[in-house]
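In case you want the letters, here they are:
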Amino acid sequence: MKKSVIAIDGYSSTGKSSISKIIAEKLGLVHLDTGALYRGVTWFALMNCLDEEGKIDLNKLFSSFSRIDLEFRNNQGELILFLNQDDISKSIRTNEVSENVSFIAKQKEVRDFLLRYQRSLADNGGIIMDGRDIGTVVLPGADYKFFMTASIEERTKRRYQELISLGIEADEKQVMENLMIRDKIDSEREIAPLKQADDAIVIDNTNLTKRETIDEILSYISKI
Ligand code: DC
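Model, not experiment: these values are computed from the prediction. (Residues numbered from 1 in each chain as written. Predicted model: local features only at pLDDT ≥ 70, side-chain atom pairs only at ≥ 80, totals over all residues. Heavy atoms only, no water.)

A closer look at the sheet that holds strand E6 (residues 125-131)
Ordered in space as E2-E6-E1-E7-E8, the 5 strands form an open sheet in which the pairing is parallel. Two strands close off the open sheet at either side, each with one partner strand: strand E2 (30-33) and strand E8 (201-204). Within the sheet, the average angular offset between the axes of one strand and its neighbour, ignoring direction, is 20 degrees. Judged from the 6 bridges that link them, strand E1 (residues 3-10) and E6 form a sheet pairing that is parallel. (Pairing = 2+ DSSP bridges. Helix = DSSP H or I, 4+ residues; strand = E, 2+ residues; numbered from the N terminus. Axes fitted to C-alpha atoms, helices over the stretch in contact; angles between N-to-C directions.)

Observations concerning the site of the ligand
Around the ligand, the structure places 16 residues, and the nearest of them are Arg39, Arg111, Asp133, Arg182 and Arg189. In this structure, an oxygen atom belonging to the ligand sits 2.8 Å away from a side-chain N or O atom of Arg182. Residue assignment for the shell around the ligand shows that the elements contributing at least two residues are helix H2 (34-48), helix H4 (95-105) and helix H8 (172-188). The leading source of residues in the shell around the ligand is H2, at 4 residues. (Near = heavy atom within 4 Å. Polar contact = N/O pair within 3.5 Å; in protein donor to acceptor, adjacent residues only side chain to side chain.)

Focus: the packing of helix H7 (residues 152-165) against H8
It is the contact of H7 with H8, at a shortest axis distance of 9 Å, that shows an interaxial angle of 115 degrees. Read as a crossing pair, H7 and H8 show a hand that is right-handed. Residues Ile152, Glu153, Arg155, Thr156, Arg159, Tyr160 and Leu163 of H7 pack against Glu172, Val175, Met176, Leu179, Met180, Arg182 and Asp183 of H8. Residues belonging to the contact of H7 with H8 are distributed by class as follows: 7 nonpolar, 1 polar and 6 charged. (Left-handed = near helix turned anticlockwise from the far one by under 90°. Contact = heavy atoms within 4.5 Å. Nonpolar A, V, L, I, M, F, W, Y, C, P; charged D, E, K, R; others polar.)

Looking at the environment of Ser120
With respect to the helices and strands, the residue Ser120 is situated in helix H5 (residues 108-122). Ser120 gets classed as partly exposed once you look at its relative accessible area, which sits at 39%. The spatial distance from the C-alpha of Ser120 to the C-alpha of Glu169 is 36 Å, given a sequence separation of 49 residues. (Buried < 20%, exposed > 50% of the residue type's maximum accessible area, 1.4 Å probe, protein only.)

A word on the environment of Ala105
One can find Ala105 in helix H4. On a C-alpha basis, the gap between Ala105 and Ser165 in space is 26 Å, while along the polypeptide they are 60 residues apart. What Ala105 contacts, discounting residues up to four positions off in sequence, is Tyr38, Arg111 and Arg189.

So, the pattern of salt bridges
Per the stated rule, a full pass over the model turns up 14 salt bridges. Arg93 serves as the salt-bridge partner of Asp33, at 3.1 Å between the closest nitrogen and oxygen. Of this pair, Asp33 sits in strand E2 while Arg93 sits in the loop between strand E5 (86-87) and H4, placing them 60 residues apart in sequence. Residues Asp33 and Arg93 agree in their burial class; the two are buried. Here the salt bridges do not stand alone but share partners, grouping Arg132, Asp186 and Arg189 into one network. (Salt bridge = Lys/Arg side-chain N within 4 Å of Asp/Glu carboxyl O.)

As for unusual backbone geometry
Of note in the backbone geometry, Gln85 takes a positive phi value of approximately 75 degrees without being a glycine. The residue Gln85 is located in the loop between strand E4 (78-83) and E5 in this model. For Gln85, a relative accessible area of 51% corresponds to the exposed category. Backbone geometry places Ala192, a non-glycine residue, at a positive phi of 45 degrees. Tracing the backbone shows Ala192 in the loop between H8 and E8. Its relative accessible area of 11% is what places Ala192 among the buried residues.

Here you go:
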């Protein structure tokens, strides 16, 4: 029997990825953090596609897709993102990437490039994918769809802690600004904007611990 496909969308720093990872372990599914792919393309652009003023040259990026080989490798249950054989799991979390990723993610060419890869990974089922447009665009036929939200204050706290724990310098005010800008760009873009699928279950975890959020999601998932 084909295993289930679960889509988890929502705002930045609602815990989508870390929660999806634990649910995947519990249910024996593969977990794919699609935000990491957009971050990977952004990292590539910052390294290879800058113009003379140091800005990302989109045409240069679009004509370089054939040179972008993104691959998740399994390291003891943890999926590590590699770009052209280099481990970029830490580089994609830097402020430089966070500040540019929404601009890159709103480009149709980039979304088309990553759409095929994401769908092919879900072909055999047994996957939990988190992102912004999974339930609406990437996997509209997913068996379960969740949409996660939380207050901006709570999300800022979480993102700040995450950066500090990764050894990345951070300022809370800047973190909040970056989250708000990203939410705005992600929600207002023309192609595949961040929005709740009509048939998604909304999970507001402002006042929930990670454990409680996981239990709530699991309570909706019957048999896999
Ligand atoms: O989840 P994240 O913060 O790592 O995502 C980084 C950016 O990628 C986010 O600003 C929006 C974009 N993104 C997207 O547009 N579609 C997805 N499915 C996942 C992420």
